[in-house]
Amino acid sequence: MILQQMKLNGLVLLAATCVALWAGESVAQSKRSEAAPKAVRLEAPRTVNLALTLDDVIPTGNDWIALPAIRARDGALQNFNVISMRYRGLLEIAGVADHPLMTPSVEIAGSRRPLAQLHWSLRDYWIPTGTMESDGVRVQLTYVAPPDSRAAIVRFQVTNLRNAPVRVAPAMELDWGRTSRVTYSPEPLSGSRAMSPTPIDTDMEIFKYNTDDTQMAWGFAYLGSQGALRSDGGNPGLTARHEALIAPGETLDVHFIIGVGLDEYSAAYAMRVLNKRIDRYGLDGVIAEAADDAHRRTRTTGDPQLDVMMNRNLLFTTYYAWGRAIDTEQFTGMTSRSNRYYVSAAYWDRDALLWSFPALLDSDPKRAREALDYALGTQARNAGIHSRFIDGVVLEDGFELDELAAPIIALASYLEKTGDFAMLERHRGVIAALVERLRAQRDPATGLYATFQDAQDEYVRKPFSIYDNVMAWKAFRDLAGVAELEHKMREAESFRSKAATLKAAILRYGVRDGAAGANGPILAATVDLRSADFVDVPPGSLMKLPALGFISEDDPLFRRTYDWLHSEHYSYSYVGQPYGLPGSYRLPFTTSWEVADHLRLKAGRAKALTILKHSPWDGGIITEGVKADTGIPDTQGLAFATAAGYVAHTICEQFCIDRK
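With respect to the nonpolar core
Here is step 1: Ranked by size, the top nonpolar core spans 181 residues in total, and within it Phe80, Trp218, Phe220 and Leu612 carry the most contacts.
Here is step 2: Core analysis: the second largest hydrophobic core is formed by 16 residues, Leu274, Tyr281, Ile287 and Ala290 among them.

Spelled out as structure tokens, the structure:
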């Protein structure tokens with residue numbers, strides 16, 4: 001039975017980049033959390049267990065708030081973030097020094113215990129719950145960010161397993177140490193912090209971070225609990241604690257709320273509105289609604305282990321490669337909303353449109369439409385430039401041919417999937433401009449298209465990347481298909497002719513002799529008129545060419561290329577290694593892209609599946625790659641949200657058995 005004592009008499013800690021403390025009116029938990037309200041459909045929870053190490057973290061979140069690093073060992077929330085267009089990246093709220101922002105604990109019969117030896121499960125692959133049993137008490141800790149809410153819930157459920165009553169007190173300790181701007185890496189922001197009276201009610205305290213004005217606010221609501229404020233070394237914080245005597249078999253159900261907004265008012269009301277939803281529908285109802293939202297985005301292969309990998313990463317790319325800016329409400333794309341990825345919070349055409357976007361089409365075409373509108377709107381003016389800030393301004397210069405082709409390829413796939421030609425009408429001028437930029441890269445001597453950097457973002461002295469030229473070929477083919485759908489047959493024939501001419505040039509100049517140990521001419525990675533580089537570039541691997549429709553896997557040319565890249569003659573082949581697939585000097589390990597690409601190949605599928613299922617990755621979230629000998633993830637490329645989409649999409653493309 002749920003303990004029926006939940007009056008809202010605490011404070012709420014709000015900040016401007018700020019922390020604030022807020023209390024509203026009473027919330028009757030009572031039986032609401034046991035009964036399904038009419039507005040919310042409750043189903044039996046769909047849960048999967050996770051096998052995690054003490055060093056792993058669990059991400060969750062929604063469009064407005066990302067909780068990227070919930071520690072597996074103790075359930076602590078290391079930080080959270082929101083997207084800021086003003087700061088061209090993320091605003092991250094973090095703890096003091098190396099300590100987490102929020103640390104849960106529980107008192108049992110007067111003895112305080114940190115949470116430990118937690119067993120983690122996920123509801124609908126996205127809502128984490130950690131469970132521990134200690135001294136006759138079961139503690140469950142759940143984090144959930146309901147869809148469309150600018151707030152998240154931290155839920156404690158403490159159950160008495162004893163034969164006698166026991167006094168317990170779940171608690172959360174909060175220490176706000178720094179606010180950082182994140183594009184690639186966290187950069188601490190400086191300014192003044194001061195406490196001021198609440199702008200809403202007499203029982204609120206506000207802790208402001210000021211520069212010229214409040215830039216962002218956040219809050220922590222402790223509902224029916226007691227809060228002790230403190231400011232250690234100038235760092236605002238609190239301890240929220242809820243003490244109760246619970247009978248045998250009884251459960252104490254306590255929740256806290258984290259809210260975000262542009263100022264004290266908006267952050268407070270984000271929490272207030274979520275709290276009212278809890279009042280109306282109960283905690284179980286609100287969590288069930290969030291679970292249903294995640295569930296509708298998931299797919300199935302019929303293989304439970306593969307489903308966990310696919311759906312966790314599908315949801316990770318949904319909410320960590322895309323989201324909404326807290327200050328402009330604009331839908332926005334980026335590499336990752338987690339600073340565990342070394343180039344987080346920036347935009348690449350390749351990442352967004354070739355890797356993450358196909359996963360959105362698999363799971364949520366409406367969201368894919370918003371993503372494409374953003375790519376063909378905000379980001380279009382610098383399409384093809386290495387990387388950009390989320391507002392479209394150039395971050396790292398350097399032209400990359402595959403990135404210029406990416407918006408065209410993504411648009412064609414969207415039109416094929418949805419038939420939404422209003423999208424084409426909205427962006428027809430942008431597409432025409434992209435085609436002109438593409439044509440400008442053509443070298444008249446060879447018929448190939450030049451690039452400055454390859455698909456791993458490295459400068460290439462030889463101007464013609466074979467993979468990039470295949471992407472240009474595909475863009476022309478896709479444009480021909482779109483023109484056919486519009487019954488523009490002359491235009492379609494023109495694009496088909498350009499594609500055919502380019503394919504002939506690729507096969508003429510991109511197929512070379514001279515690779516040591518090869519059994520004949522093979523596909524090179526980059527070429528000029530006189531020479532070639534025989535390597536592979538995993539983000540733009542030659543292993544993708546059959547999936548792109550350029551060449552059959554059974555073609556002798558492809559077979560020779562495959563065999564050479566998987567032989568001891570290629571320095572980064574990792575042949576014979578249990579987790580080994582071809583890498584490069586820039587990526588000297590087995591990359592997630594190669595795993596996905598080999599899933600599409602008859603010759604590589606079995607090994608790719610083995611790597612996929614047996615590597616721990618980043619607690620199950622796709623990383624840039626894994627070590628060829630151990631399968632342990634590369635530590636720089638953790639929490640890689642766009643690559644997570646690429647792998648999830650490829651799994652579904654090959655193995656999904658639903659929505660056929």
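Section: helix H13 (residues 641-655)
Here is step 1: Given a rise of 1.5 Å per residue, 15 residues ought to cover 21 Å, and the 21 Å separating the end C-alpha atoms of H13 matches this to within 8%.
Here is step 2: Along H13, 12 of the 15 residues are buried, which leaves the element largely enclosed by surrounding structure.
Here is step 3: Here the buried face of H13 lies against helix H2 (304-320), helix H3 (349-363), helix H11 (592-599) and helix H12 (605-614).

Observations regarding the pattern of salt bridges
Here is step 1: Applying the stated rule across the entire model yields 44 salt bridges.
Here is step 2: One salt bridge in this structure joins Arg167 and Glu243, with 3.5 Å as the shortest N-O distance. Taken together, the residues span a long stretch of sequence, with Arg167 in strand S14 (residues 166-175) and Glu243 in the loop between strand S21 (235-241) and strand S22 (244-246) at a distance of 76 residues.
Here is step 3: Classification of Arg167 as partly exposed rests on a relative accessible area of 40%.
Here is step 4: By relative accessible area, Glu243 is classed as partly exposed at 35%.
Here is step 5: Where Glu425 meets Arg428, a salt bridge forms, and the shortest distance between an N and an O atom there is 2.4 Å.
Here is step 6: When its relative accessible area of 26% is taken as the criterion, Arg428 is described as partly exposed.
Here is step 7: Each member of the salt-bridge network shares a partner with another, and the members are Asp63, Arg324, Arg367 and Glu370.

Some words on the pairing of S14
Consecutive residues of a regular strand have side chains that alternate between opposite faces of the sheet.
Here is step 1: Burial analysis of S14 places eight of its 10 residues in the buried class, which makes it a mostly covered element.
Here is step 2: The sheet contact formed by strand S8 (residues 102-108) and S14 spans seven bridges and is antiparallel. Looking at the pairing, Thr103 lines up with Glu173 of S14.
Here is step 3: As paired strands, S14 and S21 are joined by five bridges and run antiparallel to one another. Bridging across to S21, Glu173 finds its partner in Thr239.

Here's the deal with the packing of helix H8 (residues 466-485) against helix H9 (residues 489-509)
Here is step 1: Between H8 and H9, whose axes approach to 7 Å, the crossing angle comes to 165 degrees. The angle between the axes of H8 and H9 places the two elements in the roughly antiparallel class. Classified by chirality, the crossing of H9 by H8 is left-handed. Counted together, Ile466, Asn469, Val470, Ala472, Trp473, Phe476, Arg477, Leu479, Ala480, Ala483 and Glu484 of H8 and Met489, Glu491, Ala492, Phe495, Arg496, Lys498, Ala499, Leu502, Lys503 and Ile506 of H9 form the full contact between these two elements.
Here is step 2: Its residues assigned to classes, the contact of H8 with H9 comprises 14 nonpolar, one polar and six charged.

Quick notes on the sheet that holds strand S32 (residues 532-533)
Pairing between the strands of a sheet comes from backbone hydrogen bonds, and it takes one of two forms, parallel or antiparallel.
Here is step 1: Spatially, the three strands line up as an open sheet ordered S28-S31-S32, and their pairing is antiparallel. Of all strands in the sheet, those bounded by a partner on one side alone are strand S28 (464-465) and S32.
Here is step 2: Bridge count between strand S31 (residues 526-527) and S32: two bridges; the pairing is antiparallel. Bridge pairing in S32 links Thr526 to Asp533.

So, the environment of Phe316
Here is step 1: With respect to the secondary-structure elements, Phe316 resides in helix H2.
Here is step 2: For Phe316, a relative accessible area of 1% puts it in the buried group.
Here is step 3: When the C-alpha atoms of Phe316 and Asn62 are compared, they prove to be 9.9 Å apart, with 254 residues separating the residues in sequence.

Considerations on the pairing of strand S23 (residues 251-261)
Here is step 1: Of all the 11 residues making up S23, 11 are buried; the element is thus mostly covered by neighbouring parts of the structure.
Here is step 2: Side chains Thr251, Asp253, His255, Ile257, Gly259 and Gly261 project from S23 onto one buried face, and the interleaved Leu252, Val254, Phe256, Ile258 and Val260 project onto a second face that is buried too.
Here is step 3: Sheet topology places strand S13 (residues 151-160) next to S23; nine bridges connect them, and they run antiparallel. Considered in S23, the bridge of Ala152 is made with Ile258.

Details of the side chain of Asp253
Here is step 1: Locating Asp253 in the fold gives a position in strand S23.
Here is step 2: The class for Asp253 is buried, based on a relative accessible area of 0%.
Here is step 3: A polar contact of 2.6 Å, which involves the side chain of Asp253, links it to the side chain of Arg155.

Some words on the state of the cysteines
Here is step 1: Overall, the coordinates contain one disulfide when judged by the stated rule.
Here is step 2: Through a disulfide, Cys652 is tied to Cys656; the S-S separation comes to 2.2 Å. Its torsion about the S-S bond being -115 degrees, the disulfide of Cys652 and Cys656 is classed as left-handed. Each member of the pair, Cys652 as well as Cys656, is classed as buried.

Re the packing of aromatic side chains
Here is step 1: Under the counting rule described, the total for this entry stands at 24 aromatic pairs.
Here is step 2: For the ring pair Phe316 and Tyr320, a centre distance of 4.6 Å and an interplane angle of 20 degrees mean the geometry is stacked. Of this pair, Phe316 and Tyr320 both sit in helix H2, four residues apart, which is roughly one turn of the helix. For the residue pair Phe316 and Tyr320, the accessibility class agrees, reading buried in each case.
Here is step 3: Geometrically, the ring pair formed by Trp473 and Phe550 is edge-to-face, given 5.2 Å between the ring centres and 90 degrees between the ring planes. Linking Trp473 in helix H8 with Phe550 in the loop between S32 and helix H10 (556-565), this pair joins segments that are 77 residues apart in sequence.
Here is step 4: Among the residues examined, Phe550 registers a relative accessible area of 3% and is labelled buried.
Here is step 5: Members of the aromatic cluster, each reached through a chain of ring pairs, are Tyr341, Tyr342, Trp355, Trp593, Phe640 and Tyr646.
Here is step 6: The ring of Tyr269 carries Arg272 above its face, with NZ or CZ at 5.0 Å from the centroid.
Here is step 7: In this structure, Lys503 packs its charged tip against the face of Phe550, placed 5.0 Å from the ring centre.

Thresholds, definitions, all that
- Residues numbered from 1 in each chain as written.
- Predicted model: local features only at pLDDT ≥ 70, side-chain atom pairs only at ≥ 80, totals over all residues.
- Heavy atoms only, no water.
- Core = buried A, V, L, I, M, F, W, Y, C linked by side-chain atoms within 4.5 Å.
- Buried < 20%, exposed > 50% of the residue type's maximum accessible area, 1.4 Å probe, protein only.
- Helix = DSSP H or I, 4+ residues; strand = E, 2+ residues; numbered from the N terminus.
- Expected span 1.5 Å × (residues − 1).
- Contact = heavy atoms within 4.5 Å.
- Salt bridge = Lys/Arg side-chain N within 4 Å of Asp/Glu carboxyl O.
- Pairing = 2+ DSSP bridges.
- Axes fitted to C-alpha atoms, helices over the stretch in contact; angles between N-to-C directions.
- Parallel < 35°, antiparallel > 145°, perpendicular 65-115°, else oblique.
- Left-handed = near helix turned anticlockwise from the far one by under 90°.
- Nonpolar A, V, L, I, M, F, W, Y, C, P; charged D, E, K, R; others polar.
- Polar contact = N/O pair within 3.5 Å; in protein donor to acceptor, adjacent residues only side chain to side chain.
- Disulfide = S-S within 2.5 Å.
- Phe/Tyr/Trp six-rings, centres within 6.5 Å; stacked < 30°, edge-to-face > 60°.
- Lys NZ or Arg CZ within 6 Å of the ring centre and 35° of its normal.

So far we have only geometry, and geometry alone does not tell us how the molecule works.
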